[in-house]
Amino acid sequence: MSSANPGLAYEDTPPLSAPLRFFLTAPLFGIVAGAVLAFGDGVLTSRWTPGALALVHLIAAGFMLQVMLGALQQILPVVAGARFPAPLGVASTTHALTSLGAAGLTTGLGLGLPGAIVGGGLLLVAGIVVFLGAGLLALVGAPAVVGTTRAPRDLRLALIGLAVTGTLGLALALALGRGLALPVALPTLVDLHAAWGWLGWGGILLAATSWVVVPMFQITPGYPPRFSAMWAPAVLAGLILWSLARFADAGIASITLGIVLLTLVVSFAALTLHLQSRTRRSTPDAPFRSFRSAMVALILGLAALAANAAHDADHWSVLAGVLILHGGFGGAISAMLYKIVPFLAWLNLTQSGVKAPNMKKLLPDPPVRQQLRLHLVVLVVLVAGVFEPLVARLAGVLMAAEFAWLLLNLVRVIRAWQRARRT
Amino acid sequence: MSTIADLMTQDHRACDHDFARAETLAAKGDWPGATDALAAFSNALNAHFDAEEQQLFPAFEAATGMTQGPTQVMRAEHADMRATLARLQDALAARDGDEFAGEAETLLIMMQQHNMKEENILYPMCDARLGAVSATLCTELSHSLAAEHAT
């Protein structure tokens, strides 16, 4: 196999178990998040409750991070021609460190255990460092060509967002657990960590993926080239300037830059909805509709974030978190998982010379449709739960069921894959 | 001036549109319409594969000396897609809507992950490595695709 163009090789598709371990671990964090919400007291009354801090990290550093790391190992070779060195070793090390780290960190945040916050944070960041180190080596060896989309560049920019988020997170863990003196007020650093996490890492990754996934898999017109060319660099530049303004305590500048950033994200979500409305596929399936609902939830979440800036009440920031993390990222990620996992199983069987059942035999539509419907119900109940603690408990129970069902559907694919291998 | 990447990417999109039309008609149960649409898609897809296998890949291999590398993998993926297309045609002949939908979904994902590699890596590499040959090849590819689409 030529080393000049490694990303084009079947042989360089990572072993099935490499991404799969991330995808199967991810829903477990969602189940625990549901339990925290169901059994914790007044978890959603403020973004600062121990339960809310645990919940947000179970979803962001648990569920979302696991899926994103697993998916990146799959997509970086295909889109950017980047070959991970020792893919199985990197996957198992990263997976062990990040899953244990997220478990430790969230336990520490939820129960107020400084040792667990620091230990978990260190493990989590160590996992990210291993992943980023391997990703950097892979990208350095990738062919230096400019393709027809900006996805390869923007995947790289998202990795910068991940590095900044991890660094800020570690500083916060050390401040909380070891009394590290911070150069800025703790709430300011929390805001920076959160913004870099959901936007600099998650948002740019979502956009980079969308540049290829939406036009190609949903057969829509492409994103206007100027838009996709400027979007991620503008977000990254905006985040840097906004962070500096927050550091300098420059109120007007940070509000202006905040508005610019929100406008950029709304424009991405609205444009995605517009392009999807022009799909040539006549039978939009449940994951397609889920992706669209995710864009709507993202826009509503941004509206809540704007309301929070204008009127500082606890419920706005919690509402924004619910809509952006569960509604936006949760919906889009679930939709993508339902496409990625059956395809990987199919690809693995085909490459092994086994006659693979088609995608819909590996994972039939009805359970996917029902689980994604539950996802929307959970979102609605969660929104109500922001205002009524008793409803939040119900949302927790439903959320645990949602993620258990997601896991069950993914396991269904693995079982079908095993059956096909035996025949 | 059009590049190989532009030309071939546009042809991918044209194939996608033919695919979507066949899928739409089959979902509606319009089997005669779906038969025509799938035939058009099959012609377009095979014309694209043939143009790559007979013109573009040999030129890339000659320019780079890589005969066992990326082009070999692309040829193998073409073979997989041709096999899935055959199953899609069988499902259409049997007027089996569920089987058609499942095979169509599989082919679409297979096709797009293949296209991602070509559009982001292989075609730009062709443009970069083929140098002076690039413009002539582009015209030839354009003729082949146009001629075969017309049949």
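All values derive from a computational prediction rather than experimental measurement.

**Student:** Could you clarify how one ought to interpret the overall build of chain A in this entry?
**Tutor:** When helices and strands are counted, chain A shows 13 helices and zero strands. Taken from the N to the C terminus, the helices and strands of chain A come in the order α-α-α-α-α-α-α-α-α-α-α-α-α. Computed over the C-alpha atoms, the radius of gyration of chain A is 21 Å, within 12% of the 22 Å expected from 2.2 N^0.38 for a compact globule of 423 residues. Here the C-alpha coordinates of chain A stretch approximately 60 × 45 × 45 Å along the principal axes. A buried classification covers 57% of the 423 residues belonging to chain A.

**Student:** It is not clear to me how the overall build of chain B should be interpreted in this structure. Could you clarify?
**Tutor:** Each helix and strand counted, chain B has five helices and zero strands in total. Over its C-alpha atoms chain B spans a radius of gyration of 16 Å, differing by no more than 12% from the 15 Å that the globule rule assigns to 151 residues. Dimensions of chain B, computed from C-alpha atoms along their principal axes, come out at roughly 50 × 30 × 20 Å. By the burial criterion, 48% of the 151 residues in chain B qualify as buried.

**Student:** What is the right way to look at the interface of chain A and chain B in this model?
**Tutor:** When the parts of a complex come together, some accessible area is lost, and that lost area is often used as the size of the interface. Taken together, the contacts link 36 residues of chain A with 35 residues of chain B. Broken down by secondary-structure element, the contributors of at least two residues to the side of chain A that touches chain B are α2 (50-80), α5 (151-178), α6 (186-217), α10 (314-351) and α11 (359-362) of chain A. In terms of residue count, the dominant contributor to the side of chain A that touches chain B is α10(A) (four residues). When its residues are assigned to classes, the side of chain A that touches chain B shows 20 nonpolar, eleven polar and five charged.

**Student:** How should I be thinking about the UniProt feature "domain: Hemerythrin-like" (unreviewed entry) in chain B in this particular structure?
**Tutor:** As annotated in UniProt, the feature "domain: Hemerythrin-like" (unreviewed entry) corresponds to residues 3-126 of chain B in the numbering used here. Structurally, residues 3-126 of chain B comprises 90% helix and 0% strand, and the distance from its first C-alpha atom to its last is 9 Å.

**Student:** I tried to follow helix α3 (residues 70-93) of chain B on my own but got confused; where do I start?
**Tutor:** In an α-helix, one turn spans 3.6 residues, which is why side chains three or four residues apart end up on the same side. Residues and elements named next belong to chain B. For α3, built from 24 residues, the straight-helix expectation of 34 Å at 1.5 Å per residue is met to within 8% by its first-to-last C-alpha distance of 35 Å. When we look at burial in α3, the residues that qualify are P70, T71, V73, M74, E77, T84, L85, L88, A91 and L92. Residues of α3 that are buried in the fold lie against α1 (4-27), α2 (31-64) and α4 (97-130). Positive backbone phi, approximately 50°, marks R95, located one or two places after α3.

**Student:** Hey, could you run me through the environment of R281(A) in this one?
**Tutor:** Structurally, R281(A) is set in the loop between α8 (251-277) and α9 (286-310). You can call R281(A) buried: it has 20 C-beta atoms within 10 Å. It is 6.5 Å that separates the C-alpha atoms of R281(A) and I219(A), two residues lying 62 residues apart in sequence. In contact with R281(A), not counting residues within four places along its chain, are Q218(A), I219(A), A20(B) and E23(B).

**Student:** Whenever I open this one, the confidence of the model for chain B confuses me. Can you help?
**Tutor:** Interpretation of the predicted coordinates at a detailed level should be avoided for regions scoring low in pLDDT. Residue and element names in this part refer to chain B. Residues of chain B with pLDDT of at least 70 account for 96%, and the chain-wide mean is 90. Looking across chain B, the model is least confident in helix α5 (residues 133-150), with a mean pLDDT of 80, and most confident in α2, with 94. Two numbers describe this predicted complex: its pTM, 0.93, and its ipTM, 0.89.

The rules behind the values
Residues numbered from 1 in each chain as written. Chains lettered and ligands numbered in written order. Predicted model: local features only at pLDDT ≥ 70, side-chain atom pairs only at ≥ 80, totals over all residues. Helix = DSSP H or I, 4+ residues; strand = E, 2+ residues; numbered from the N terminus. Rg over C-alpha atoms; globule rule 2.2 N^0.38 Å. Buried ≥ 20, exposed ≤ 12 C-beta atoms within 10 Å, placed from the backbone. Contact = placed C-beta atoms within 7 Å. Nonpolar A, V, L, I, M, F, W, Y, C, P; charged D, E, K, R; others polar. UniProt positions renumbered as here; feature names shortened; annotations may be inferred. Expected span 1.5 Å × (residues − 1). pLDDT = per-residue confidence, 0-100.

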